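Analysis of the macromolecular model
Residue strings, one per chain:
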Amino acid sequence: MLEEGVSNLNNVTNLKLISNPVIALFATMEVKCLPFVECKVLSSGSVLDSPAILLRWNTAALGIHIHSEPQLWPVGMVLKGSSEALCPPPSLELRPSCNKSQPSPPLGSSSQPHDGVISEDKEPVKYGELIILGHNGSLASGDKGRRRSRLALYKRPKANGVKPDVIHNVSTPLVSKALSNKSQHSISYTLSRSHSVIVEYTHDINTDMFQIGRSTESMIDFVVTDTAGGSSSHGGGAAGEGGGGGQSAQSTISRYACRIMCERSAPYTARIYAAGFDSSKNIFLGERAAKWRTSDGLMDGLTTNGVLVMHPAGEFVSEPAPGVWREISVCGNVFALRETRSAQQRGKLVENESNTLQDGSLIDLCGATLLWRTPAGLRHIPTLKQLESLRQELNAARPQCPVGFNTLAFPSLAQREIVDKKQPWVYVNCGHVHGYHNWGYRKERGPNSPGGTAPAGTGERECPMCRRVGPYVPLWLGCEGGLYLDAGPSTHAFCPCGHVCSEKTVVGWSQIPLPHGTHAFHAACPFCGTWLTGEQGHVKLIFQGPVD
């Protein structure tokens, strides 16, 4: 036991100095370390030199009767002014870093082992799922690894969460040296050219951390790229993927946009925070970033383009109603929106709201919007198999074109980009469903391209049934079940893109304003990102049954 205790202590490299000199106290260690009867800090003169701790081991307490001489133990670099900035008082104790976080397995796989957290015959614990709006089931280039349109967050085999530990006031030129320990998470707030505040974070055994951003580095769990909205889009792919699914040359999404902390015990609460830790486990808020000292002496700040969150006003499934868009700070506080997305002045603190995610919460990263679905909410959505059954039911009714009398059929869910010759088309201003025809233009702007996949940009058509004039577009089934509010029949379509889903889904999403640009908001189709048009943003489909 003596050898084990000494070995464990030799791994301690980050003991924190309280003041110079004082009696040093150790927090309770998670491994069995050797007790001691004397612990003093020996002054070294300079705050940047290495003082030492005088330790005398209490071997008699272990039942071991050996002669134990006092030992000098190095403390390491001491940050200038850290003794005055340490807050709250419990962090004044010297804490050996005996517990190290372990690397996490790939996410999104239900087959991951969970180190005895759950038995093998039970399902893994799922915290929830993140779904990027504007992608109808998958990225245009396909879902690959951490770059995908939807990601499930599962309980990790070992906790990798972190929590604030100690605050240091340092001279700005010393920040790089102070953050040289890559095993220590920290957030650096640059207040001026000569003054910075560093908040050290320690391992939290009660939470799992998931990071989201544009970077493809290994510490990012969910790689998100820009999704362009506003213009009309075709098919079931993503609006704005540009065919390549790669990163935009001038992306507005941060490389380390945000992080989600999930509690490892029931009810598995998930909370969101602005900014993520980089490869050095650091978050840097530069001199121009919005930041401030809180009333309790701590630090907080906002990222350049901000992380916006909107919680639904009611139950997302039963009573869908939009809430109010707020901005989340680096420490998870909730603020009213800034005047513009990257303004220096923060909004007003909203004390009665929190950063806790709930079913239907929307997260906007200034370039892409994510939807959070809880396991309870996911039980109400249609599965891919159910969506296929809905498609087959629609086709089994044998809808016909009221003019050409040819039978119409929705293509398979996998066929989302090429218009099929039997595919239904709709006049979005009235809802009458037809087969494709190349006549009826009211405003001639040139013939359609092959397949007719750009209806809104080629002129409006006159419906032969009711004579109403408006866009004439192909109908596409919504293939991303996570965007549905229920598993009802597919009777309605968004305008003007033509994505088909249940009535409750179109009504719910047509009421939600989604951020666009620096301060604009528009309701948009969740399947492609196209801005909604018309009085309601959706239309009830009118099918012509078979003549026989």
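Residues numbered from 1 in each chain as written. Predicted model: local features only at pLDDT ≥ 70, side-chain atom pairs only at ≥ 80, totals over all residues. Heavy atoms only, no water.

**Let's talk about the overall build of the protein**
Cut-off, in case you're wondering: In this description a helix means any DSSP run of H or I spanning at least four residues, a strand means any run of E spanning at least two, and both kinds are numbered starting from the N terminus. In what follows, a contact means two residues having at least one pair of non-hydrogen atoms within 4.5 Å.
Scanning the protein from N- to C-terminus turns up six helices and 31 strands. Taking the contacts inside the protein whose residues are at least 6 apart along the sequence as the reference set, 64% of them involve residues at least 24 apart.

**A short note on helix H6 (residues 503–510)**
Here is the rule we go by: Exposed residues in this analysis have more than 50% of their type's maximum accessible area, buried residues have under 20%, and partly exposed residues fall in between, with area computed by a 1.4 Å probe over protein chains only.
Taken together, the buried positions of H6 are Thr-505, Val-506, Gly-508, Trp-509 and Ser-510. On its buried face, H6 sits against strand S19 (362–364), strand S20 (369–373), strand S27 (492–494), strand S28 (499–501) and strand S31 (538–540).

**Things to note about the pairing of strand S16 (residues 307–310)**
Threshold: Two strands are said to pair when DSSP picks up at least two bridges between them.
Residues of S16 alternate between two faces, with Val-307 and Val-309 on one and Leu-308 and Met-310 on the opposite face, all of them buried. Across three bridges, S16 lies against strand S17 (residues 326–328) in antiparallel orientation. Looking at S17, one finds that Val-307 is bridged to Ile-328. Relative to S19, S16 is paired through three bridges, and the arrangement is antiparallel. The residue bridging Met-310 from the neighbouring strand is Leu-362, located in S19.

**What to know about the sheet that holds strand S6 (residues 161–170)**
Quick note on the threshold: For helices, the axis comes from a line fit to the C-alpha atoms of the stretch in contact; other axes are also lines fit to C-alpha atoms, and the angle between any two N-to-C directions lies between 0 and 180 degrees.
Pairing within the open sheet is mixed, and its four strands lie in the order S6-S8-S7-S13. Only two strands of the sheet have a single neighbouring strand rather than two, namely S6 and strand S13 (282–285). Pairwise comparison of adjacent strand axes, ignoring direction, gives a mean angle of 20 degrees for this sheet. Here nine bridges tie S6 to strand S8 (residues 196–204), and the two strands are oriented antiparallel to one another. Bridged to Pro-164 within S8 is Tyr-201.

Remember that the coordinates give geometry; whether it matters functionally is a separate question.
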